[in-house]
Amino acid sequence: MKLITGKTKLLGIIGSPVEHSLSPVMQNAAIAELGVDYIYVPFPVEKINLKQAIMGFEVIGVQGFNITIPHKQSIMTLLSEVTSTAKMVGAVNTVWYNGAGWKGTNTDVEGFVAPLKEMARDWSQTTAIVLGNGGAARAVVVGLAELGFGSVHIIGRDRQKLVNFYQTWQNMPKITKLLKVHYPETLPELLPTADLLVNTTPVGMYPHIDASPVSAELIEQLKPDAIAYDLIYTPSPTKFLRFASDRGLKAIDGLEMLVQQGAAALEIWLQQPVPINTMRNSLKKQLFG
Ligand code: NAP
C-alpha cells in the first residue's frame, strides 16, 4: 500500500464518466515501480464545472492530468499553451503545469503510432484506410501524417460529418494532401490498395463481440502483407482482427495505443523514462485477469 504524505504530488484524470477509466491502474503501477512520491486519481468533472475544476487544480498544486470525454476539446480554451500536435488533432488528452499556466498536448497520436514505428518501415509509398471519422480517427490521421503515409482514406457513413472532418484540416496542407473521404460503399474498390486498415469505430467492442466493421470477404480483398489495426482493446482479439489473422495478416489491437499514450503522458509529468512493461502488464491483468 502506498504511503501518502503531505508531500505526495497529485496527478489524475478528469472526465464524466471517469469511473471506468483504466488509467489509474496503469499510472499507479508505474508510479509504484518507480518509487516516486506521486498518486494518480480519477476526478469526476461535469461539463459545467470544467473551468472551476481547472482553477481548483492550480490552487491545490495538481502537477498534471489526463482528459477524457467530454472535455477533450473544451479544455483547449482554458490552457495557456497547446502543442501543434494537439492543435492538429483538435483535442487535448494530457495537461501539465509549466509554472505560468497549463500546457496541453495529445499523446493518443504517439500511442497510435508506437506499434507502427516499431516496424521501422518507410511508409511514404503506403496507403491507409481508416474506418470511422470520430475523435480517435483524428489522432490516427495526424499519426499517419507524422509517419509519412502516402495517402489516407477515411470511411464514414454520415455526409455532413465527413465534410466537417475534411474541412477542419483546411489550413493544414500536411494533412489535406494525404486525405480523401468516402462512404462505406467505396470500400471494396479501395481495400486492394491498402497497406494498413484501421478500425476507429466502436463496432466489435465488448459486449458486441460478434460484430465486425468489415466482413471476412472484404478482408480477403487486402494485400497479403497488409496490416489490420483495431483501436478496440476488449475483446482481444476483436472479430475484425480474427478475420485478419485467419487471413495471415499482421494484427494490432488497441492495448498498445492505450499503454503508450499513458506512458507518454507520465514521461511528460515525471520528466524521466517510465516502465512501459509494468503499465502494459497492469492493464492486461485488470482487463483479462
Ligand atoms: P467517436 O468520436 O464516437 O467516433 C466513433 C466513429 O465510429 C464515428 O465516426 C461513428 O460514426 C463511427 N461509428 C459508430 N458506430 C458505427 C457503426 N455501427 N457503423 C459504422 N460506423 C460507426 O469515438 P472515438 O472516441 O473516436 O472512439 C472510437 C473507438 O476507438 C472506441 O472503440 C474507443 O474505445 C476506441 N479508442 C481506443 C483508444 C486506445 O487507446 N486504444 C483511444 C481512443 C479511442 P457516426 O459519427 O456516423 O456515428
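Residues numbered from 1 in each chain as written. Predicted model: local features only at pLDDT ≥ 70, side-chain atom pairs only at ≥ 80, totals over all residues. Heavy atoms only, no water.

As enumerated under the stated definition, the model contains six salt bridges in all. Here Glu256 makes a salt bridge to Arg280, at a shortest N to O gap of 2.8 Å. Of this pair, Glu256 sits in helix 11 (residues 255-270) while Arg280 sits in helix 12 (residues 276-288), and the two are 24 residues apart along the sequence. Of the two residues, Glu256 and Arg280, neither departs from the other in class, the shared state being buried. (Salt bridge = Lys/Arg side-chain N within 4 Å of Asp/Glu carboxyl O. Helix = DSSP H or I, 4+ residues; strand = E, 2+ residues; numbered from the N terminus. Buried < 20%, exposed > 50% of the residue type's maximum accessible area, 1.4 Å probe, protein only.)

Not every one of the 19 residues close to the ligand is listed here, only the nearest: Asn133, Ala136, Arg157, Lys161 and Gly254. Taking Gly135, its main chain carries an N or O atom lying 2.9 Å from an oxygen atom of the ligand. Take Leu231: an N or O atom from its main chain is 2.9 Å from a nitrogen atom of the ligand. Its free accessible area being 920 Å², the ligand has 69% of it covered by the protein chains. Mapped by element, the contributors of at least two residues to the shell around the ligand are helix 5 (135-147) and helix 11. Within the shell around the ligand, the residues separate by chemical class into nine nonpolar, seven polar and three charged. (Near = heavy atom within 4 Å. Polar contact = N/O pair within 3.5 Å; in protein donor to acceptor, adjacent residues only side chain to side chain. Areas by Shrake-Rupley, 256 points an atom, 1.4 Å probe, with all protein chains shown as cover. Nonpolar A, V, L, I, M, F, W, Y, C, P; charged D, E, K, R; others polar.)

For Thr8, the location among the structural elements is in the segment before strand 1 (9-15). On the accessibility criterion, Thr8 (14% relative accessible area) is buried. Among the polar contacts made by the side chain of Thr8, one reaches the main-chain amide nitrogen of Thr5 at a distance of 2.8 Å. Within the structure, Thr8 has its side chain in polar contact with the side chain of Asp37 (distance 2.9 Å). When residues no more than four places from it in sequence are discounted, the contact partners of Thr8 are Lys2, Leu3, Asp37, Tyr38 and Ile39. (Contact = heavy atoms within 4.5 Å.)

This part covers the layout of surface pockets. Any space left empty among the atoms is revealed by the rolling of a water-sized probe across them. Here the largest pocket defines a volume of roughly 1,900 Å³. Considering the residues around the largest pocket, the lining is formed by 50 residues, among which Ile69, Ala136, Thr200, Pro202 and Met205 are closest to the centre. Among the elements of the structure, strand 3 (64-67), helix 5 and helix 11 are those that each provide at least two residues to the lining of the largest pocket. Residue contributions to the lining of the largest pocket peak at four residues, all from helix 5. The residue makeup of the lining of the largest pocket, split by class, is 25 nonpolar, 19 polar and six charged. When residues of the lining of the largest pocket are assigned to domains, at least three fall in each of domain 1 (9-106 + 256-288) and domain 2 (110-252). (1 Å grid on protein atoms, 1.4 Å probe; cavity = no way out; pocket = protein on both sides within 12 Å on 5 of 7 lines; lining within 4 Å. Points joined across faces, edges and corners; volume = space filled by probe spheres on them. Domains from an automatic or database assignment.)

Let us look at the sheet that holds strand 8 (residues 151-155). Pairing between the strands of a sheet comes from backbone hydrogen bonds, and it takes one of two forms, parallel or antiparallel. Overall, parallel pairing links the six strands, which are arranged 9-8-7-10-11-12 in an open sheet. Every interior strand has two partners, whereas the edge strands, strand 9 (179-182) and strand 12 (250-252), have only one. Direction aside, neighbouring strands of the sheet carry axes that sit 20° apart on average. Of the strand pairs in this sheet, strand 7 (residues 127-131) and strand 10 (residues 196-199) are connected by four bridges, and their pairing is parallel. (Pairing = 2+ DSSP bridges. Axes fitted to C-alpha atoms, helices over the stretch in contact; angles between N-to-C directions.)

Attention now goes to the domain arrangement of the protein chain. Here the domain parsing of the protein chain yields domain 1 (9-106 + 256-288) and domain 2 (110-252). Between domain 1 and domain 2, the C-alpha centre-to-centre distance is 26 Å. Contact residues are listed per partner, giving 13 residues for domain 1 and 18 residues for domain 2. Note on domain 1 versus domain 2: buried area summed over both sides is about 1,300 Å², and carbon and sulfur give 75% of it. Seen at the junction of domain 1 and domain 2, the total is zero salt bridges. (Buried area = accessible area lost by both parts, 1.4 Å probe.)

Burial runs high along strand 1: five of the seven residues are buried. As judged from the seven bridges shared by strand 1 and strand 2 (residues 38-44), these two strands associate in the parallel manner. The residue of strand 2 that forms the bridge with Leu10 is Ile39. In this fold, the crossover linking strand 1 to strand 2 by way of helix 1 (residues 23-34) has right-handed handedness. Pairing of strand 1 with strand 3, which is carried by four bridges, proceeds in the parallel orientation. Bridge pairing in strand 3 places Ile13 opposite Asn66. (Right-handed = clockwise from strand over helix to strand, strands pointing away.)

Per the stated rule, a full pass over the model turns up eight aromatic pairs. Measuring from centroid to centroid gives 5.3 Å for Phe65 and Trp102, while their planes differ by 75°, and the two rings are edge-to-face. Separated by 37 residues along the polypeptide, Phe65 in strand 3 and Trp102 in strand 6 (residues 102-105) bring together distant segments of the chain. Of the residues examined, Trp102 reaches a relative accessible area of 3% and is grouped as buried. Ring centres of Tyr97 and Trp102 lie 4.9 Å apart, and the angle between their planes is 75°; on these two criteria the pair is classed as edge-to-face. One aromatic cluster in this structure is built from Phe43, Phe57, Phe65, Tyr97 and Trp102. (Phe/Tyr/Trp six-rings, centres within 6.5 Å; stacked < 30°, edge-to-face > 60°.)

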